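# Breakdown of the fold
Now for the letters of each chain:
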There are 2 protein chains.
Amino acid sequence: MPEAASAPVTRTATGAGEFDRDTAVTRREPGVYDIDLSAGWTIFGAVNGGYLLAVLGRALADALPHPDPFTISAHYLTASRPGPAVVRIETVRAGRTLSTGQASLFQYDEAGHEVERIRVLASYGDLGSLPDDVRTTATPPAIPPMDQCFGPEDGPVLLEGGSAIIDRLLLKLDPATLGWALGAPSGRGEMRAWFGLADGRDPDPLALLLAVDALPPTAFEIGLSGWVPTVELTVHVRHRPAPGPLRVAITTRNLAGGFLEEDAEVWDSTDRLVAQSRQLARVRLG
Amino acid sequence: MPEAASAPVTRTATGAGEFDRDTAVTRREPGVYDIDLSAGWTIFGAVNGGYLLAVLGRALADALPHPDPFTISAHYLTASRPGPAVVRIETVRAGRTLSTGQASLFQYDEAGHEVERIRVLASYGDLGSLPDDVRTTATPPAIPPMDQCFGPEDGPVLLEGGSAIIDRLLLKLDPATLGWALGAPSGRGEMRAWFGLADGRDPDPLALLLAVDALPPTAFEIGLSGWVPTVELTVHVRHRPAPGPLRVAITTRNLAGGFLEEDAEVWDSTDRLVAQSRQLARVRLG
């Protein structure tokens, strides 16, 4: 874990961090973008789904007339690997306040043929143009101060096994949702954490796409171990996040038939609910 | 309201009801389906979004190698009207246990050009093949018996204004979430109801796509009136529903910036959670 994650964070401007460097896409022609998927955002060799969604979200922001993802739905088809990829975008509709786009990310098989990894539908708008009314009944998650929470650097059991992504993230888990790491899962489908980028780069809407899929799976606290691959993930970005660390709370209500849903809420440093997401995931017992 | 909705329901077999008739698609060629959107499923002239999703879901079930929608995400582009429409489907990936498809519904402008109404991404599987394990913490909604709940036939204020869809549905709202109809909204973003098809046709996975978007909007109980058009709706179908009426609970936690999310849970007559959905909707003040 780099020094920044455990020491007081030195801020990096949005646009100048590891996340910006590794999500940068190059426009080959209108609607077609090249990227080299970074090995720095992998978990056990597979590229993290939230990082991939941020890559697609960034290409869509370039291609569509509006800058911010309001709602983005991704269906994960095959596992992505570090290396070259191409993103192909279709503008489905360009409206006054919302535009809708479709994006696919492809990699190449051994014969050089394109293999689709993810397909995305998204509606974009301008978060800066929204009225400032808030009539929410949601409340921020009860999570202890960051110095009372635990990250991968605090114990070998957390996300062990050489997951490069943990070096990119500031992730501090609420001890109340860490029973699984001590062999005593709570049985409740809850996980809570402080979240940021390890280099201190402040959150923006694209970083929220990463935040919703960065915690250990709720399945661990239900008492399952193993791989929980995402089938589909939809994120609503509701407000531009303020500078500073985020709090992420994920919950699962329904584990049944070998599938579960995982809902995430992301709160910024001003106690504003900035993103909500839900994914459907498969349970592959370890 | 037809007799069936207030009298004891006479069951109609799945496949032989109004819902089956009005969602029937005709295959023109592989991946292309024609349908005449029925005026029977409109609200104030616009075709209901859940009915449209069921139409697309039915075409996808025909085109894909798996029969049941596991997760289906729809982005609503322009308002659909009763009349001819064409559905175009692309099979994105056909896997062993899941297949993914994309579907678009088009209607025709005055010059006869296709105008896209909805675009959908969906992953299909076989609900009958899932293991029967259930480790859920979700509990069915607290809702009084059906004879203590209220439908459109019980008062002119409920969904007044000539919405044809109310003749197709058995909809009985929990009086605890009916404050809005009496001019005294609770301020809580909750709505609960018994739900079925008015002709007694039992629910199936396609009917669940209708059920999640059939209640009055939670915005009414928050104290807003007016139109709440859906931007995006994602439904997870988790189990094949048992015969008999469904219970639907919808909640909104975050109304902010002119948008809100609406989460639905659908429970069958055996207390099984059969579907979960979330939509992002715009608030257009009335």
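Every value quoted in this text rests on a predicted model; they were computed, and no experiment measured them.

### Observations concerning the overall build of chain A
Helix and strand counts for chain A stand at 5 helices and 18 strands. Here chain A has a C-alpha radius of gyration of 18 Å; the compact-globule value for 286 residues is 19 Å, and the two agree. If one aligns the C-alpha atoms of chain A with their principal axes, the spans along those axes are about 50 × 50 × 40 Å. Within the span of chain A, comprising 286 residues, buried residues form 62% of the whole. Restricting to contacts in chain A with at least 6 residues of sequence separation, those with at least 24 account for 70%. Carbon and sulfur atoms make up 52% of the accessible area of chain A, which totals about 10600 Å².

### Considerations on the interface of chain A and chain B
Contacts between chain A and chain B engage 55 residues on the former and 55 residues on the latter. Summing both partners gives a buried area of about 4800 Å² for chain A against chain B, and 50% of it is carried by carbon and sulfur. There are 8 salt bridges connecting chain A and chain B. A salt bridge links A:Arg278 to B:Asp263; the nearest nitrogen and oxygen atoms lie 3.6 Å apart. In terms of residue count, the dominant contributor to the side of chain A that touches chain B is strand β17 (residues 273-282) of chain A (7 residues). Residues belonging to the side of chain A that touches chain B are distributed by class as follows: 20 nonpolar, 20 polar and 15 charged. The pairing of strand β9 (residues 134-136) of chain A with strand β15 (residues 254-256) of chain B spans 3 bridges and is antiparallel. Looking across to β15(B), one finds that A:Thr136 is bridged to B:Asn254.

### Remarks on the pairing of strand β11 (residues 190-197) of chain A
All names here are of chain A. Burial runs high along β11: 7 of the 8 residues are buried. In the sheet, strand β10 (residues 169-173) pairs with β11 via 5 bridges, with the strands oriented antiparallel. Bridge pairing in β11 places Leu169 opposite Leu197.

### A word on helix α3 (residues 49-63) of chain B
Residue and element names in this part refer to chain B. For α3, which comprises 15 residues, the first-to-last C-alpha distance of 21 Å matches the rise-based estimate of 21 Å (1.5 Å per residue) to within 8%. For α3, the full list of buried residues reads Gly49, Gly50, Tyr51, Leu52, Leu53, Ala54, Val55, Leu56, Gly57, Ala59 and Leu60. N-cap assignment for α3: the residue whose side-chain oxygen lies 2.9 Å from the backbone N of Gly50 is Asn48.

### Considerations on the environment of A:Gly31
All names here are of chain A. Summarising the element assignment, Gly31 is placed in the loop between β1 (26-29) and β2 (32-37). Taking the C-alpha atoms as reference points, Gly31 and Arg88, 57 residues apart in sequence, are found 5.7 Å from one another. Residues within four places of Gly31 in sequence aside, it is in contact with Val87, Arg88 and Ile89.

### Comments concerning the side chain of A:Asp213
Position of A:Asp213 relative to the elements: it lies in the loop between α4 (205-211) and α5 (219-222). One buried charged side chain, A:Asp213, makes no salt bridge at all; its nearest oppositely charged neighbour is B:Arg278, positioned 13 Å away. A polar side-chain atom of A:Asp213 sits 3.0 Å from a polar atom in the side chain of A:Gln279. Beyond its immediate sequence surroundings of up to four residues, A:Asp213 is in contact with A:Asn48, A:Gly49, A:Gly50, A:Thr230, A:Leu233 and A:Gln279.

### Describing the relation of the copies chain A and chain B
Under the fitted operation, chain A is carried onto chain B by 0.0 Å of movement along the axis and a turn of 180°, and the coordinates agree to an RMSD of 0.0 Å. Such a combination of turn and shift is consistent with a two-fold rotation axis. Taken as a fraction of all interface residues of chain A, those also at the interface in chain B reach 100%, which identifies the copy contact as same-surface.

### Thoughts on the side chain of A:Ser123
Tracing the backbone through its elements, the reader meets A:Ser123 in strand β8 (residues 114-125). A distance of 3.0 Å separates a polar atom in the side chain of A:Ser123 from a polar atom in the side chain of A:Thr100. Once you skip the residues sitting within four places of it in the chain, A:Ser123 turns out to touch A:Asp68, A:Pro69, A:Phe70, A:Thr71, A:Ser99, A:Thr100, B:His75 and B:Val231.

### Some points on the packing of aromatic side chains
Taken as a whole and assessed by the stated rule, the structure comprises 8 aromatic pairs over all chains. Seen from their ring centres, A:Trp41 and A:Tyr51 are 5.4 Å apart, and the 5° between their planes marks the pair as stacked. Of the two residues, A:Trp41 sits in the loop between β2 and β3 (42-43) while A:Tyr51 sits in helix α3 (residues 49-63), which places them 10 residues apart along the sequence. On the basis of an interplanar angle of 90° and a centroid distance of 5.3 Å, the ring pair of A:Phe70 and B:Phe259 is categorised as edge-to-face. Of this pair, A:Phe70 sits in strand β5 (residues 68-76) while B:Phe259 sits in strand β16 (residues 259-267), on two different chains. Overall, the relative accessible area of 7% leaves B:Phe259 in the buried class.

Calculation rules
- Residues numbered from 1 in each chain as written.
- Chains lettered and ligands numbered in written order.
- Predicted model: local features only at pLDDT ≥ 70, side-chain atom pairs only at ≥ 80, totals over all residues.
- Heavy atoms only, no water.
- Helix = DSSP H or I, 4+ residues; strand = E, 2+ residues; numbered from the N terminus.
- Rg over C-alpha atoms; globule rule 2.2 N^0.38 Å.
- Buried < 20%, exposed > 50% of the residue type's maximum accessible area, 1.4 Å probe, protein only.
- Contact = heavy atoms within 4.5 Å.
- Areas by Shrake-Rupley, 256 points an atom, 1.4 Å probe, with all protein chains shown as cover.
- Buried area = accessible area lost by both parts, 1.4 Å probe.
- Salt bridge = Lys/Arg side-chain N within 4 Å of Asp/Glu carboxyl O.
- Nonpolar A, V, L, I, M, F, W, Y, C, P; charged D, E, K, R; others polar.
- Pairing = 2+ DSSP bridges.
- Expected span 1.5 Å × (residues − 1).
- Polar contact = N/O pair within 3.5 Å; in protein donor to acceptor, adjacent residues only side chain to side chain.
- Lys, Arg positive; Asp, Glu negative; His and termini not counted.
- Least-squares fit on C-alpha atoms with pLDDT ≥ 70 in both.
- Phe/Tyr/Trp six-rings, centres within 6.5 Å; stacked < 30°, edge-to-face > 60°.

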